[in-house]
Amino acid sequence: MSRYTGLIEHYIDRLPVTDATPVISLAEGNTPLIQLVNIPRLINKDVDIYVKYEGLNPTGSFKDRGMTMAVTKAVEAGSKAIICASTGNTSAAAAAYAARAGITAFVVIPEGKIALGKLAQAMMHGAIVLQIKGNFDAGMELVKQLSESSPVTLVNSVNPYRLQGQKTAAFEIVDALGKVPDYHCLPVGNAGNISAYWMGYTEYAENGPSNGNTPVMCGYQAAGAAPFLRGHPIEHPETVATAIRIGNPQSWDLAINARDQSGGWFDEFSDEEILATQKLLAENEGVFCEPASAISVAGAIRDIRSGKIPEGSTVTCTLTGHGLKDPDTAIAQSSETISVDADEAAIRKVIEANMAD
Ligand SMILES: *Cc1c(COP(=O)(O)O)cnc(C)c1O
């Protein structure tokens with residue numbers, strides 16, 4: 001039988017588990033690598049762009065990759081509860097994997113600044129949801145302290161097992177392409193994911209199928225939440241892309257290392273550019289990701305247009321989360337629906353008015 005049973009079992013030789021480890025899995029990973037067919041034509045460039053559609057993980061974001069490892073190791077160590085700070089997706093994943101494991105999840109989120117789908121998930125899976133009058137960075141400091149003073153395991157990406165799980169996305173890309181991409185573009189918030197990808201790519205280069213090759217790592221931030229562009233943490237991060245509304249990234253040094261060792265760069269985008277790219281992907285490729293995810297494609301497009309990424313390149317972009325996570329932002333930027341009588345002639349009129357010549 002060849003049923004896919006999750007990334008831990010699939011990459012067991014490259015992860016810190018033993019035969020005795022009680023694997024907590026929802027069959028995460030193995031997400032599609034979709035080639036963009038219309039956007040390269042629209043920008044009139046000869047490039048291969050692929051999106052790693054992480055929105056198709058069980059809770060709708062790449063956080064499941066880290067959470068299967070973190071919760072597995074927490075349960076192996078006898079932990080009865082986990083805790084995290086979250087802009088939303090970490091809380092959704094923590095809640096789901098804790099439910100699966102039969103342990104308690106405490107999630108600390110910024111009041112009023114979390115996308116509705118993510119809040120629904122944390123509540124539905126039975127997590128204890130704590131909304132604080134403070135942002136993600138404040139929550140992060142609190143849960144770090146609490147994990148030392150209370151019997152709860154911290155499952156933010158400062159937990160090293162998170163990055164171990166997340167590095168498997170890089171393995172999947174190389175396995176799917178049969179080669180290493182030339183450039184890898186992704187959003188940078190707390191900076192765990194860019195660090196995990198770099199870990200995965202270098203591991204496959206040094207001791208795997210990549211033959212010494214690694215991609216150039218390109219990380220993108222929202223202009224209102226761009227500590228890596230400013231060169232220091234920032235106090236009041238603001239962006240519509242709530243998943244990357246972070247001013248004090250915990251994996252600062254690892255992310256700088258990924259950039260420098262790979263010969264890569266960081267860049268920033270306005271909220272308007274982020275939303276325009278989210279819409280571009282949805283309307284032209286049929287791929288619906290959340291705002292934070294779209295910044296990877298915004299970055300790829302800008303850098304391909306400028307020639308920083310040359311024609312002939314193979315580029316991969318991580319679409320970190322599903323568009324359904326944040327229905328409010330999606331609806332707010334879309335055209336209105338059409339009210340019409342329940343009548344064939346009335347609807348035919350609308351069809352005729354909207355058919356391309
Ligand atoms: C967590 C998250 C990010 C940011 O990843 P980091 O590891 O914090 O840099 C980006 N997009 C989405 C959808 C996320 O959930």
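Scoring rules and cut-offs
Residues numbered from 1 in each chain as written. Predicted model: local features only at pLDDT ≥ 70, side-chain atom pairs only at ≥ 80, totals over all residues. Heavy atoms only, no water. Phe/Tyr/Trp six-rings, centres within 6.5 Å; stacked < 30°, edge-to-face > 60°. Helix = DSSP H or I, 4+ residues; strand = E, 2+ residues; numbered from the N terminus. Buried < 20%, exposed > 50% of the residue type's maximum accessible area, 1.4 Å probe, protein only. Pairing = 2+ DSSP bridges. Axes fitted to C-alpha atoms, helices over the stretch in contact; angles between N-to-C directions. Parallel < 35°, antiparallel > 145°, perpendicular 65-115°, else oblique. Left-handed = near helix turned anticlockwise from the far one by under 90°. Contact = heavy atoms within 4.5 Å. Core = buried A, V, L, I, M, F, W, Y, C linked by side-chain atoms within 4.5 Å. Nonpolar A, V, L, I, M, F, W, Y, C, P; charged D, E, K, R; others polar. Near = heavy atom within 4 Å. Polar contact = N/O pair within 3.5 Å; in protein donor to acceptor, adjacent residues only side chain to side chain. Expected span 1.5 Å × (residues − 1). Arc of directions from axis to C-beta.

Some thoughts on the packing of aromatic side chains
Here comes step 1: For the coordinates displayed, the defined rule picks out seven aromatic pairs.
Here comes step 2: Taking the centre distance of 5.8 Å and the plane angle of 65° together, the rings of tyrosine 220 and phenylalanine 269 count as edge-to-face. Highlighted residues: tyrosine 220 in strand β8 (residues 216–222) and phenylalanine 269 in strand β9 (residues 265–269), separated in sequence by 49 residues. Each of the two residues, tyrosine 220 as well as phenylalanine 269, counts as buried.

Thoughts on the sheet that holds strand β3 (residues 81–85)
Here comes step 1: Taken in spatial order, the four strands line up as β5-β4-β3-β6 in an open sheet, and their pairing is parallel. Only two strands of the sheet have a single partner each, and these edge strands are β5 (128–132) and β6 (153–154).
Here comes step 2: Bridge count between strand β4 (residues 104–110) and β5: five bridges; the pairing is parallel. Residue pairing across strands places valine 108 opposite leucine 130, the latter belonging to β5.

Section: the packing of helix α4 (residues 89–101) against helix α5 (residues 116–124)
Here comes step 1: One can describe the packing of α4 onto α5 by two numbers: an axis separation of 8 Å at closest approach and a directional angle of 25°. Overall, the two elements α4 and α5 adopt an arrangement that is roughly parallel. The hand of the α4/α5 crossing is left-handed. Along the contact surface, α4 presents Asn89, Ser91, Ala92 and Ala95, while α5 presents Lys118, Gln121 and Ala122.

A few points about the nonpolar core
Here comes step 1: Cys185, Ile304, Val315, Cys317 and Leu319 are the most contacted members of the largest nonpolar core, which totals 34 residues.
Here comes step 2: Filtering out sequence-adjacent residues up to four positions away, valine 315 remains in contact with Asp48, Ile49, Tyr50, Tyr183, Cys185, Ala300, Ile304 and Ile309.
Here comes step 3: By size, the runner-up hydrophobic cluster in this structure holds 28 residues, among which are Ile173, Val174, Ala191 and Tyr204.

What to know about the packing of helix α12 (residues 271–285) against helix α13 (residues 291–306)
Here comes step 1: Contact geometry for α12 and α13: axes closest at 8 Å, N-to-C directions at 90°. As the angle between them shows, α12 and α13 are arranged roughly perpendicular. Judged by residue contacts, Glu273, Ile274, Leu275, Thr277, Gln278, Leu280 and Leu281 of α12 engage Pro291, Ala294, Ile295, Val297, Ala298, Ile301 and Arg302 from α13.
Here comes step 2: For the contact of α12 with α13, a count of residues per class yields 10 nonpolar, two polar and two charged.

Some details on the site of the ligand
Here comes step 1: Residues in contact with the ligand amount to 16 residues; listed here are only the nearest, Lys63, Asn89, Asn190, Asn193 and Thr320.
Here comes step 2: Residue asparagine 190 places a main-chain N or O atom 2.8 Å away from an oxygen atom belonging to the ligand.
Here comes step 3: Within the contact set of the ligand, a nitrogen atom lies 2.7 Å away from a side-chain nitrogen or oxygen of threonine 320.
Here comes step 4: Of the residues in the shell around the ligand, the class split is seven nonpolar, seven polar and two charged.

Description of the sheet that holds strand β2 (residues 48–53)
Sheet strands pair via backbone hydrogen bonds, and the direction of the pair is either parallel or antiparallel.
Here comes step 1: The strand order across the open sheet formed by six strands is β1-β2-β10-β7-β8-β9, and the pairing between neighbours is mixed. The outermost strands of the open sheet, each flanked by one partner alone, are β1 (33–35) and β9. Adjacent strand axes in the sheet meet at a mean angle of 25° when their direction is disregarded.
Here comes step 2: Taken together, the six bridges between β2 and strand β10 (residues 314–319) define a ladder with parallel strand orientation. Looking at the pairing, lysine 52 lines up with threonine 318 of β10.
Here comes step 3: Each of β8, β9 and β10 touches α12; the most contacted strand, β9, lies at about 90° to it.
Here comes step 4: Packed onto the sheet, α13 meets β2, β7 (183–187), β8, β9 and β10 and runs at close to 160° relative to β10.

Re α12
Two residues of an α-helix separated by three or four positions point the same way, owing to the 3.6 residues in each turn.
Here comes step 1: In this model α12 runs 21 Å from its N-terminal to its C-terminal C-alpha over 15 residues, within 8% of the 21 Å that 1.5 Å per residue would give.
Here comes step 2: Listed in full, the buried residues belonging to α12 are Ile274, Leu275, Thr277, Gln278, Leu281 and Glu285. For α12, the buried positions fall inside an angular range of 160° around the axis, keeping them on one side. When the buried face of α12 is taken as reference, the exposed residues oriented beyond 90 degrees from it are Glu272 and Glu283.
Here comes step 3: Immediately downstream of α12, the backbone of glycine 286 shows phi near 75°, a positive value.

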